[in-house]
Structures are given as structure tokens and as C-alpha cells.
Amino acid sequence: DADSSIVSVSCFPMPDGSIVIASGCADGSFCVWNLHCDGVKVVIHKEPARRGSGPCSVVKWTSVRGKIQLFTGFSTGKVASYDLLDGSIRRIAAVSVGVAIQCLVYSEGILLIGCADGGLRLIQVRDDGSFTNKPTLWTAVNNKASPGITSLSLSFVTNFAEGTTKCICCTGAEDGSVALFELNKVSRRT
């Protein structure tokens, strides 16, 4: 069903019991299937490769207030958001982070992207899947050698006694290093 070898995959359970599966491919295309409860697999979307697009290195499903959304990341640095509505995929937004994307994670309105240059990019995402601003860049997260970020995890930790929540990020890099840090929201003065 996919147009070339699969380099990333993500699945998500649907309310009707079926499962949607997205696969990113080496040629820059991606494909989405709906695997119905009776075992029938139906292709519901095929995004063709674009010249010079490089691999679709990451696909990630999420649900925001009942809306099912898909994020895709490419080795060209492009990240895009899509929604799944009535069995079809619709593109919502796209932006370039300027460098190859190797991993991404979404949680509570934050899309965090690990890149080949060792930096993280943060994009705020509205409930409808659109992006609110240009990506925020953090360079050399895993140390000054700046190895590429190959895996990410994001967790919100609540301290009920203090009434606070911390956003904790963990990254893994090409050189085997791991970094653990807290993301803080900073207000701009006007």
C-alpha cells in the first residue's frame, strides 16, 4: 500500500473500535489506513512524495478535545498537522524548522521536535491543529558537542500540595547521551 519503504509508523484507536495507522516513507510520501474491526484495511489517504522532500521521518497521532490529529515531520525540516474527520485527512498547517526532523512529541498544546543538529524546536499548537507562532529553538540540548536528537519524551508532573505542574522533557541523542530538563513558560514584558 505504501509507495516506498516505511521509516515511521503510528496507530490510534477510533471510537468505533477500528484503528487508524499512518506510515511515513523513505521517499517522503506517507499513507493512512483504517483497519476496521472485521479486519478489512482501507487506504484513506496517500500523500505523494514531493521532489527533494526526503523521508517522512516521523508520524504521530494525537487526540485534542475529541479531534483526532496527525503530525508529520520530514528530513527537510518541514512539520505539518492534519485532522481526521469523517474518514478523510485534511491538512491544517505546515512550517519549516530549517533542519532535518528526527523525532517529535505532542502534549497539551506543545509540539516538541528533535532535530539532526542537536537542537529542539517548540511549536505551540491551537486546538484546531494550527500553529500559533514561529518555532522556538534550543540549541545543543544534550551537550556542547550537539549530537542529533533521536528520541523525546514529554511529561506533565503535578504537585497537588503546591498546586503546580511541571513540564519535564527527556531527550536521547545519537551519541548515547540522555538529558532531562524542565520546560518553563516565560512571559514577555510589553
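As a reminder, the structure under discussion sits directly above these lines.
These remarks concern the structure in this document.

Calculation rules
- Residues numbered from 1 in each chain as written.
- Predicted model: local features only at pLDDT ≥ 70, side-chain atom pairs only at ≥ 80, totals over all residues.
- Heavy atoms only, no water.
- Pairing = 2+ DSSP bridges.
- Helix = DSSP H or I, 4+ residues; strand = E, 2+ residues; numbered from the N terminus.
- Axes fitted to C-alpha atoms, helices over the stretch in contact; angles between N-to-C directions.
- Buried < 20%, exposed > 50% of the residue type's maximum accessible area, 1.4 Å probe, protein only.
- Phe/Tyr/Trp six-rings, centres within 6.5 Å; stacked < 30°, edge-to-face > 60°.
- Lys NZ or Arg CZ within 6 Å of the ring centre and 35° of its normal.

### Details of the sheet that holds strand E8 (residues 88-96)
Overall, antiparallel pairing links the four strands, which are arranged E5-E6-E7-E8 in an open sheet. In this open sheet, the two edge strands, each paired with only one partner strand, are strand E5 (58-64) and E8. For this sheet, the mean inter-axis angle between neighbouring strands, taken without regard to orientation, is 25°. Across six bridges, the pairing between strand E6 (residues 67-73) and strand E7 (residues 78-85) is antiparallel. Counterpart to Gly73 in the pairing with E7 is Val79.

### Focus: the sheet that holds strand E9 (residues 101-107)
The strand order E9-E10-E11-E12 describes an open sheet built from four strands, whose pairing is antiparallel. This sheet does not close on itself; its edge strands, each paired only once, are E9 and strand E12 (136-138). Put simply, the sheet's adjacent strands are angled 20° from each other on average, direction ignored. Sheet topology note: the strand E10 (residues 110-115)/strand E11 (residues 120-124) ladder contains five bridges and is antiparallel. Looking at E11, one finds that Ile110 is bridged to Gln124.

### Brief notes about unusual backbone geometry
With a phi close to 50°, Arg65 is a non-glycine residue in the positive phi region. One can find Arg65 in the loop between E5 and E6. Phi is positive for Asp86, which is not a glycine, with a value near 55°. Within the secondary structure, Asp86 sits in the loop between E7 and E8. With relative accessibility at 78%, the residue Asp86 sits in the exposed group.

### Some words on the pairing of strand E13 (residues 149-159)
Every other side chain in a regular strand lies on the same face of the sheet, so the side chains alternate between the two faces. Two strands pair when backbone bridges link them, and E13 and strand E14 (residues 164-173) are joined in this way by 10 bridges, in the antiparallel orientation. Paired with Ser153 across the two strands is Cys170, which belongs to E14. Where E13 hands over to E14, the hairpin turn is made up of four residues, of which Gly163 adopts a positive phi near 70°.

### As for the packing of aromatic side chains
A full pass over the atoms with the stated rule returns two aromatic pairs. With a centroid separation of 5.2 Å and 70° between ring planes, the pair formed by Phe30 and Tyr82 is classed as edge-to-face. Of this pair, Phe30 sits in strand E3 (residues 30-35) while Tyr82 sits in strand E7, placing them 52 residues apart in sequence. Ring geometry for Phe71 versus Tyr106: centroids 5.2 Å apart, planes at 25°, classification stacked. Taken together, the residues span a long stretch of sequence, with Phe71 in strand E6 and Tyr106 in strand E9 at a distance of 35 residues. Take Phe71: its relative accessible area is 0%, and that puts it in the buried class. Here Lys78 stacks its cationic end above the ring of Phe74, 4.7 Å away from the centre of that ring.

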